[in-house]
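Tertiary structure, described
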Protein chains: 4
Amino acid sequence: MTDRSIASEEKRRLILAAAVRVFARSGYHTSRVGDIAEEAGVAHGLLYHYFASKEELLETVFRETWSELLEAFARVEESQEPASEQLRQVAAILLRSWRRDPDLVRVLVREVGRSQTLPSRVEEIGQVFRAIERIVERGQAEGELRGDLEPRLASWIFYGAIEEILTGWVLGQLDDSDEEVAAAERAVVDVVVGGLTVSGTAASRRG
Amino acid sequence: MTDRSIASEEKRRLILAAAVRVFARSGYHTSRVGDIAEEAGVAHGLLYHYFASKEELLETVFRETWSELLEAFARVEESQEPASEQLRQVAAILLRSWRRDPDLVRVLVREVGRSQTLPSRVEEIGQVFRAIERIVERGQAEGELRGDLEPRLASWIFYGAIEEILTGWVLGQLDDSDEEVAAAERAVVDVVVGGLTVSGTAASRRG
Amino acid sequence: MTDRSIASEEKRRLILAAAVRVFARSGYHTSRVGDIAEEAGVAHGLLYHYFASKEELLETVFRETWSELLEAFARVEESQEPASEQLRQVAAILLRSWRRDPDLVRVLVREVGRSQTLPSRVEEIGQVFRAIERIVERGQAEGELRGDLEPRLASWIFYGAIEEILTGWVLGQLDDSDEEVAAAERAVVDVVVGGLTVSGTAASRRG
Amino acid sequence: MTDRSIASEEKRRLILAAAVRVFARSGYHTSRVGDIAEEAGVAHGLLYHYFASKEELLETVFRETWSELLEAFARVEESQEPASEQLRQVAAILLRSWRRDPDLVRVLVREVGRSQTLPSRVEEIGQVFRAIERIVERGQAEGELRGDLEPRLASWIFYGAIEEILTGWVLGQLDDSDEEVAAAERAVVDVVVGGLTVSGTAASRRG
DNA sequence: GATGAATGAGATTTCATTCAT
DNA sequence: AATGAATGAAATCTCATTCAT
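Let us look at the structure shown here. Computed from a predicted structure; not experimentally measured.

**Section: the overall build of chain A**
Looking only at helices and strands, chain A has ten helices and zero strands in total. If you list the helices and strands of chain A from N to C, you get α-α-α-α-α-α-α-α-α-α. Taken over 207 residues, chain A has a buried fraction of 56%. When contacts within chain A are restricted to residue pairs at least 6 apart in sequence, those whose partners lie at least 24 apart make up 68%. For chain A, the accessible area works out to roughly 9,100 Å², and carbon and sulfur atoms hold 50% of it. Computed over 26 positive and 36 negative side-chain charges, the inter-centroid distance for chain A is 2 Å.

**Details of helix H7 (residues 119-141) of chain C**
If you check H7(C), its first and last C-alpha atoms are 31 Å apart, about what 23 residues at 1.5 Å a residue would give, namely 33 Å. A positive phi of about 80 degrees marks C:Gly143, the residue just after H7(C).

**Some words on the packing of aromatic side chains**
Under the criterion given, the structure shown has 20 aromatic pairs over all chains. Seen from the ring of B:Tyr28, B:Lys54 lies directly overhead, with NZ or CZ sitting 4.6 Å from the centre.

**Remarks on the pattern of salt bridges**
By the definition in use, this model includes 80 salt bridges over all chains. In this structure, the salt-bridge partner of D:Glu85 is D:Arg88, at a minimum N-O distance of 3.0 Å. Of the two residues, D:Glu85 and D:Arg88 both sit in helix H5 (residues 83-100), three residues apart, roughly one turn of that helix. Overall, the relative accessible area of 28% leaves D:Arg88 in the partly exposed class. For the salt bridge of D:Glu133 with D:Arg152, the shortest nitrogen-to-oxygen distance reads 3.4 Å. With D:Glu133 in helix H7 (residues 119-141) and D:Arg152 in helix H8 (residues 151-170), the pair connects residues that are 19 residues apart, well separated along the chain. On the accessibility criterion, D:Glu133 (13% relative accessible area) is buried. In the salt-bridge network here, residues are joined through shared partners; they are A:Glu9, A:Arg12, A:Arg13 and A:Glu64.

Cut-offs used in this document
Residues numbered from 1 in each chain as written. Chains lettered and ligands numbered in written order. Predicted model: local features only at pLDDT ≥ 70, side-chain atom pairs only at ≥ 80, totals over all residues. Heavy atoms only, no water. Helix = DSSP H or I, 4+ residues; strand = E, 2+ residues; numbered from the N terminus. Buried < 20%, exposed > 50% of the residue type's maximum accessible area, 1.4 Å probe, protein only. Contact = heavy atoms within 4.5 Å. Areas by Shrake-Rupley, 256 points an atom, 1.4 Å probe, with all protein chains shown as cover. Lys, Arg positive; Asp, Glu negative; His and termini not counted. Charge placed at Lys NZ, Arg CZ, Asp CG, Glu CD. Expected span 1.5 Å × (residues − 1). Phe/Tyr/Trp six-rings, centres within 6.5 Å; stacked < 30°, edge-to-face > 60°. Lys NZ or Arg CZ within 6 Å of the ring centre and 35° of its normal. Salt bridge = Lys/Arg side-chain N within 4 Å of Asp/Glu carboxyl O.

Honestly, it's all geometry; don't read function into it.
Below is the structure:
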């Protein structure tokens, strides 16, 4: 029974991984269930033993990735580091995912937030933003980050900067060599976190 | 003849506008050509009198909007303002488009940069980034902006921050009242441009 | 009024000739009304001033050609020549039409007798066969042609031989140089008429 | 697996046979894929499981029939009979096919040589003609058939005579009772083969 | 007569999903 | 678990024909 579950779970993974590759290659709407089955080396009927629909495949990819991400962010939040360091770590987690699993990033960048924008999905995306938001809020409370910015907006700006760099890599428009990935990480932190930092704001200097 | 051309052009616009509304409502892939025709109040066959395919409709929306955007950016570049002011203007152009034509923004945010990522489309997107890049480069050359950041990366960070705020509005996750739109504009400029500004960088202060 | 009629008739001819060229090039079903209009250099709406439908275009081509053919055959029948000479003339008329108007032959060979086989069309085709039949019958009555063959069958055999040679030219499978056209004419007469002739049958000689 | 293959092959045949009936009834272009599916008693989608397109259905009918025909002709060629007897057999094969499968003949007579006249199809038609040609050539070489006729032309004349009789049956213009089929066979052989035979030519008698 | 915008029935094809084996 | 034949809703696109101008 356990053997079977394990074998079963492995096949589930196999199909899910195939789906990620195919979605990455062709986009969700253009991908056919048959392509995924072929990529996984199984009959297309089998997909429906493991997943209710093509949509559920994407949903599962999205949810599993997102929950890993949330866990990683939670660990960051638990650390006692300053907010700026925590933001650096968040940027690192997101940006390094590109080299770890480019296809996964391709799928998430392309398909999440768009298409039907299912409320459930929006809700989960919101959790990521709220994690960043909380870091910003704490930074502000502790006087590390400037207090005249809505943490909400700040978190979207921060996340957007990171996602766009990922998009640049996905589109092949930005160099994604090791050094460039590191440079991107530094750049995001320098610019956004720098811009968020107390003594580092244009506003403060203007005032 | 001119009358006819004008009437013809008006109908073309009518269909294009309907397409934007329908794509905004349902997303490109989920929208049906028949829905667009119905929204425009014409027979679906007529669409093919003006556009070669459903794809060409999206392509046209994209291209026309993008070229207007490029023109607006060109005008900004021509002004003799400091780089930071030019960047503020760029942010204003992009962010204010939301209130002007939410459906258009919805379509562009959801469908551009994703889907098939046609090389031609990537190329045109690239032009927008290069405009921002040039502003950053000039700002660096004139000592207004910090010189230790790749203008390329900076432009992606800047654009990403803006696009994510638009996405927040599209998803109904960020408040888009007049005040909030103004706040968003200030926030992007404060954070990103602030972070880019010479005396305002964490790095410079750390170093 | 007469001027107008003449100009009108000329335009009708123009369209009809364009239709023949287009049908010859693409086949009736694959040809589009718009192609014919373009070939004729008029708006496609104009076709419907002169012809009720695409079908009527083909029908007209067919009917006009066929009636010319019948007239030519009638003149042959009226001559006082022996049946074998009349058959030679019939073969000549049909085979020489290829060089005179290849597109017309292409259309007739491809589209007539096949497709919907409208009863009206079948009836008119029948008239051609009956003309040949009458020649054979007279030849038999006068003892010039062997009497043990149904004139009906003989006429189909004769016509089939000729049509197939035309088909060979249409398909580019038989050489259609001047000499070959002449050779084909001789061959059909030699073989079929020779085979039909009294003393010239294998059967009679074998017996 | 074999069971499945056999069942699968049977269904393929079922669809192909239905296609022949429908094409025979309405002609290729006028037939709808849905009609074929209905005639076969399957969902129309299933057609695309077995055939790539409506066109491929016709192509398959054509190719399979043609290759059977070629095999039959090959067997005739292998026999040691005189050329005239071999030609009789060829005529018999072709003409008897009408009673065996009228719908198939209807389709072949109507649709072959028309439509796009695909080069591939022309090529296969050519093989049939070459088989006849070889028989004629051998008959000439052995002195059985008159040598002053191009075998090429002779084969087209022979085939045309036969096809036209088939056409007469298809159009309901020639009687196709058992006796008439036999008579047609005799007539073709008498006339064409008679005309081809050495001492039996009008030309030779004239000269 | 002439134009071409407009119509809309209809055709092929795709493909997610089901289900008998 | 696994297969792949079978289904059928649905979507895009074509094109003959009409008709206002």
